[in-house]
Structures are given as structure tokens and as C-alpha cells.
Amino acid sequence: MLNTIKILEKFRHHLSPRTKNFVSRYEVIDHVKNTSISGYSHTVFKDTSKDDNTYILAFRGTETGGTQILKDAFLQMVLLL
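Presented here is an overview of the structure given in this document. (Residues numbered from 1 in each chain as written. Predicted model: local features only at pLDDT ≥ 70, side-chain atom pairs only at ≥ 80, totals over all residues. Heavy atoms only, no water.)

Let's shift gears to the overall build of the protein chain. A count of helical and extended segments in the protein chain gives three helices and three strands. Evaluated residue by residue, the protein chain yields a buried proportion of 15% over its 81 residues. Summarising the internal contacts of the protein chain: among those between residues at least 6 apart in sequence, 22% fall at separations of at least 24. With the model as given, the accessible surface of the protein chain reaches about 6500 Å², and the carbon-plus-sulfur share is 61%. (Helix = DSSP H or I, 4+ residues; strand = E, 2+ residues; numbered from the N terminus. Buried < 20%, exposed > 50% of the residue type's maximum accessible area, 1.4 Å probe, protein only. Contact = heavy atoms within 4.5 Å. Areas by Shrake-Rupley, 256 points an atom, 1.4 Å probe, with all protein chains shown as cover.)

Read across the open sheet, the three strands follow the order β1-β2-β3; overall the sheet is antiparallel. The open sheet is flanked by β1 (26–32) and β3 (55–60), the only strands paired with a single partner. Taken over all neighbouring pairs, the strand axes of this sheet differ in orientation by 20° on average, direction set aside. Where strand β2 (residues 41–47) lies against β3, six bridges are found, and the strand directions are antiparallel. Bridging across to β3, serine 41 finds its partner in arginine 60. The strands that helix α2 (residues 17–25) touches are β1 and β2; relative to β1, the one it contacts most, it runs at about 80°. (Pairing = 2+ DSSP bridges. Axes fitted to C-alpha atoms, helices over the stretch in contact; angles between N-to-C directions.)

Once that is clear, we can look at the packing of aromatic side chains. Taken as a whole and assessed by the stated rule, the structure comprises three aromatic pairs. Note on tyrosine 26 and phenylalanine 45: the rings are 6.4 Å apart at their centroids and 70° apart in plane angle, and the pair reads as edge-to-face. In this pair, tyrosine 26 sits in strand β1 while phenylalanine 45 sits in strand β2, placing the two residues 19 residues apart along the sequence. We note that tyrosine 26, like phenylalanine 45, is buried. Counting every residue linked through ring pairs, the aromatic cluster contains Phe22, Tyr26 and Phe45. If you follow lysine 46 out to its NZ or CZ, it ends over the ring of tyrosine 55, 5.9 Å from the centre. (Phe/Tyr/Trp six-rings, centres within 6.5 Å; stacked < 30°, edge-to-face > 60°. Lys NZ or Arg CZ within 6 Å of the ring centre and 35° of its normal.)

Within the secondary structure, aspartate 47 sits in strand β2. Since its relative accessible area comes to 2%, aspartate 47 is described here as buried. If we skip the residues at most four places from it in the chain, aspartate 47 touches Arg25, Tyr26 and Thr54.

Here we come to the pattern of salt bridges. By the definition in use, this model includes one salt bridge. Put simply, aspartate 47 and arginine 25 hold a salt bridge, and the shortest N to O gap is 2.8 Å. Here arginine 25 lies in helix α2 and aspartate 47 lies in strand β2, a separation of 22 residues in the sequence. For arginine 25, a relative accessible area of 27% gives the class partly exposed. (Salt bridge = Lys/Arg side-chain N within 4 Å of Asp/Glu carboxyl O.)

Listed below in C-alpha cells is the structure:
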């Protein structure tokens with residue numbers, strides 16, 4: 001977390017107040033970037049402003065561009081068989 005803040009200090013003039021607040025409060029615990037088969041992605045954050053081990057799971061699914069929706073529909077049909 002401290003290293004992230006040090007790196008961001010270098011670019012601080014380019015960051016919005018909302019971004020500065022976010023990176024100073026939340027720590028990325030786990031991240032799965034865009035998977036090639038479904039477009040699924042998730043990130044787990046820890047709220048460092050609380051002492052109660054509050055975690056937040058953010059996720060997203062299908063991308064709407066290109067043929068991703070067709071791929072997801074096909075994958076869903078295969079999984080249901």
C-alpha cells in the first residue's frame with residue numbers, strides 16, 4: 001500500500017480527488033483480469049479505514065462488444081447440457 005502511494009505521489013497532479021481518496025483507503029487483495037473465455041473479471045478490496053476487516057468484492061461479466069455475447073450464450077448452452 002505504501003509503495004502504491006509513493007508511486008502515485010509522482011503523478012498526484014494528474015489524479016482526481018476521488019481517485020486520491022480511493023487509493024488511500026482501499027487495498028487490492030486479489031484481482032482476476034479479463035478472462036478470454038467469458039470476459040469475467042473481479043477484484044477484492046480491503047477497506048483500510050476500518051479495523052473490522054471489511055472486504056469488498058467487485059465483479060463484472062460479459063463485455064458487450066464484438067462476439068462476446070454469442071460466445072457467452074454458446075458457453076451457457078454447453079454448460080446446461
